[in-house]
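If you want the building blocks of each chain, they are given just below.
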Amino acid sequence: MTDTTVSPSGRSTGVRTHAGDVPFSLPSIEEDDIEAVTATLRSRWLTTGGQSLEFERELADYLGVQHAVAVASCTHALEICLHYLGLPAGSRVGVPDWTFVSTALSAVHAGYQPVLIDIEEHTLNLSPVSLDAALDQGLDAVVGVHFGGSAVREDVHLLCADRAVPLVEDAAHALGASDGNGLVNGRRSVAACFSFYATKNLTSGEGGAITTENGDLADFARTFRLHGMSRDAWKRYLPGDGFLYDVNSAGIKANFPDILAALARSQLRRFSQLQARRRRLVGRYRHNLAQVRGISVVPPHADPGSADHLMVVLLPPGTSRPRVVAELHRAGISTSVHFQPLHLFRGMDKHFVLGPTGVGTADRLAQRALSLPLYPDLTDDQVDRVCDALALAVLRHAP
Ligand SMILES: Cc1ncc(COP(=O)(O)O)c(C=O)c1O
């Protein structure tokens, strides 16, 4: 019996129950996690409250940043930050073509026009050359994505700072990532937006957070995430406290409930262990894949600051990816693709426009990227099995 779990959004969590299978993704869940959630259930306080507040403090401490505001997802975190910018409707927001669709949809939901920017082949991160050209043509804000856990190039920060264009960091893959200036935490941008979705390095099933040095943004986010209400439920139900509240802005419903916060806190306590295990697995993959002709690992050299969220390879040009995927599947190995470039989504034509350099690199690589299983509970033997099966499949299906 095989059971593939698919999330409500349609994204497979990759969890399979067939003995011997290698799922694409498997969250690390230990007894402490289960106890933390159970204790919250027993407390009878389920929505945003003490656990969520504690998680915000602990996350801000870990990242070395003043404010962390926990929200329902990274998508909501991005949307809230973009709303905060208060740009006129239709303002142009640069986003990489190579990202999950919600990076761009968060700009659409804030009333803006996403402009798709090309990427660099080696990192699949924003190309500073394409970004520069798009800034010349006119951008009102930029969302930079730290793809796979590798921080965007310093040039991305500098180019935005030079033009005084606000930069929001999509750090969905980047909890624990660092660049030359330390941990990715939103201190050098408007904010960093994290995801705690089921496949992420730290997971609460669903969830996200905004981290920033900007107290005004943090205050805005705290009200905007709960309908713009001036006082959240936690405060309204405190004994002796009034129940009245005002509504300051047309906010959204995107608060982070305590059941999830309890899991997030428990995961944060062992986060460095989880990251160390990912780092060792990536090292093993890199060592093994160096022997496989035609495969390029992304990025080609180990990035010491990476959060090691994804293990992405580029298949040799002209290789049939569907055949490789099917062959790995027959060997019991699940894979995924990060990402389908945004310009290829036909239904999105009316929402997205291309930047001045086009998206030629993303287009050229679109059929070559493949993400291999990577999570702390993956064993060394499983990594070897994946690499052997991949080598064989590539041998068969490369031109
Ligand atoms: C780059 C990127 N940005 C944003 C998101 C959205 O995260 P969430 O599911 O927490 O909204 C994802 C999720 O997979 C992602 O990969």
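Residues numbered from 1 in each chain as written. Predicted model: local features only at pLDDT ≥ 70, side-chain atom pairs only at ≥ 80, totals over all residues. Heavy atoms only, no water.

Running from N to C, helix 2 (residues 50-63) and helix 9 (residues 258-269) point in directions that differ by 30°, and their axes come no closer than 8 Å. The hand of the helix 2/helix 9 crossing is left-handed. Facing G50, Q51, S52, E54, F55, E58, L59 and Y62 of helix 2, the residues of helix 9 in contact are D258, A261, A262, A264, R265 and L268. When its residues are assigned to classes, the contact of helix 2 with helix 9 shows 7 nonpolar, 3 polar and 4 charged. (Axes fitted to C-alpha atoms, helices over the stretch in contact; angles between N-to-C directions. Helix = DSSP H or I, 4+ residues; strand = E, 2+ residues; numbered from the N terminus. Left-handed = near helix turned anticlockwise from the far one by under 90°. Contact = heavy atoms within 4.5 Å. Nonpolar A, V, L, I, M, F, W, Y, C, P; charged D, E, K, R; others polar.)

It is worth spelling out the site of the ligand at this point. Taken together, 17 residues lie around the ligand, and T75, D170, H173, S195 and K200 are the ones closest in. S73 places a side-chain nitrogen or oxygen 3.5 Å from an oxygen atom of the ligand. Between the ligand and the protein, one listed contact pairs an oxygen atom with a side-chain N or O atom of S195 at 2.7 Å. A total of 390 Å² of accessible area belongs to the ligand in isolation, and the protein chains cover 96% of it. At the level of secondary structure, the elements contributing two or more residues to the shell around the ligand comprise helix 3 (74-85) and helix 4 (101-109). For the shell around the ligand, a count of residues per class yields 6 nonpolar, 8 polar and 3 charged. (Near = heavy atom within 4 Å. Polar contact = N/O pair within 3.5 Å; in protein donor to acceptor, adjacent residues only side chain to side chain. Areas by Shrake-Rupley, 256 points an atom, 1.4 Å probe, with all protein chains shown as cover.)

The biggest cluster of nonpolar side chains holds 45 residues, and the ones touching the most others in it are L82, V93, W98, L124, V168 and I210. If one sorts the elements of this core by residue count, helix 3 sits on top with 6 residues. When residues no more than four places from it in sequence are discounted, the contact partners of L82 are V93, S106, A107, A110, Y112, V143 and V168. I333, V383, L390 and A393 belong to the second largest nonpolar core, which has 26 residues in total. (Core = buried A, V, L, I, M, F, W, Y, C linked by side-chain atoms within 4.5 Å. Buried < 20%, exposed > 50% of the residue type's maximum accessible area, 1.4 Å probe, protein only.)

All right, on to the sheet that holds strand 13 (residues 369-372) then. The sheet built from 3 strands is open, its strands ordered 10-11-13 with antiparallel pairing. Since the sheet does not close on itself, it has two edges, and those belong to strand 10 (296-298) and strand 13, each with one partner. Here the average twist between neighbouring strands, direction ignored, is 35°. Across 3 bridges, the pairing between strand 10 and strand 11 (residues 311-314) is antiparallel. Residue pairing across strands places S296 opposite L314, the latter belonging to strand 11. Packing against the sheet, helix 10 (residues 271-289) makes contact with strand 10, strand 11 and strand 13, and its axis sits at approximately 20° to strand 11. (Pairing = 2+ DSSP bridges.)

Let's shift gears to the packing of helix 3 against helix 4. In the contact formed by helix 3 and helix 4, the axes pass within 8 Å of each other and the chain directions differ by 40°. The angle between the axes of helix 3 and helix 4 places the two elements in the oblique class. Remark: the crossing between helix 3 and helix 4 carries right-handed chirality. For the pair helix 3 and helix 4, contact is made by T75, L78, E79, L82 and H83 and by S102, T103, S106, A107 and H109, respectively. Of the residues that constitute the contact of helix 3 with helix 4, the class distribution is 3 nonpolar, 6 polar and 1 charged. (Parallel < 35°, antiparallel > 145°, perpendicular 65-115°, else oblique.)

Assigned domains of the protein chain: these are domain 1 (31-269) and domain 2 (272-397). Of note, the centres of domain 1 and domain 2, computed from C-alpha atoms alone, are 25 Å apart. Taken together, the contact pairs 42 residues of domain 1 with 40 residues of domain 2. Summing both sides of the interface, domain 1 and domain 2 together bury roughly 3,200 Å²; the carbon and sulfur share of this comes to 61%. (Domains from an automatic or database assignment. Buried area = accessible area lost by both parts, 1.4 Å probe.)

Before going further, it helps to spend a moment on the packing of aromatic side chains. Within this structure, the stated rule accounts for 8 aromatic pairs. Consider the rings of F55 and F196, whose centres lie 5.5 Å apart with planes at 80°: the pair is edge-to-face. Of this pair, F55 sits in helix 2 while F196 is found in the loop between strand 8 (191-195) and strand 9 (208-212), placing the two residues 141 residues apart along the sequence. Just as F55 is buried, F196 falls in that class too. Taking 6.4 Å as the distance between ring centres and 40° as the angle between the ring planes, the aromatic pair formed by F100 and F339 counts as tilted. Placement of F100 in the loop between strand 2 (92-96) and helix 4 and of F339 in the loop between helix 11 (321-330) and strand 12 (353-354) is noted, with a sequence separation of 239 residues between them. By way of ring pairs, the aromatic residues F55, F196 and F256 are connected into one cluster. (Phe/Tyr/Trp six-rings, centres within 6.5 Å; stacked < 30°, edge-to-face > 60°.)

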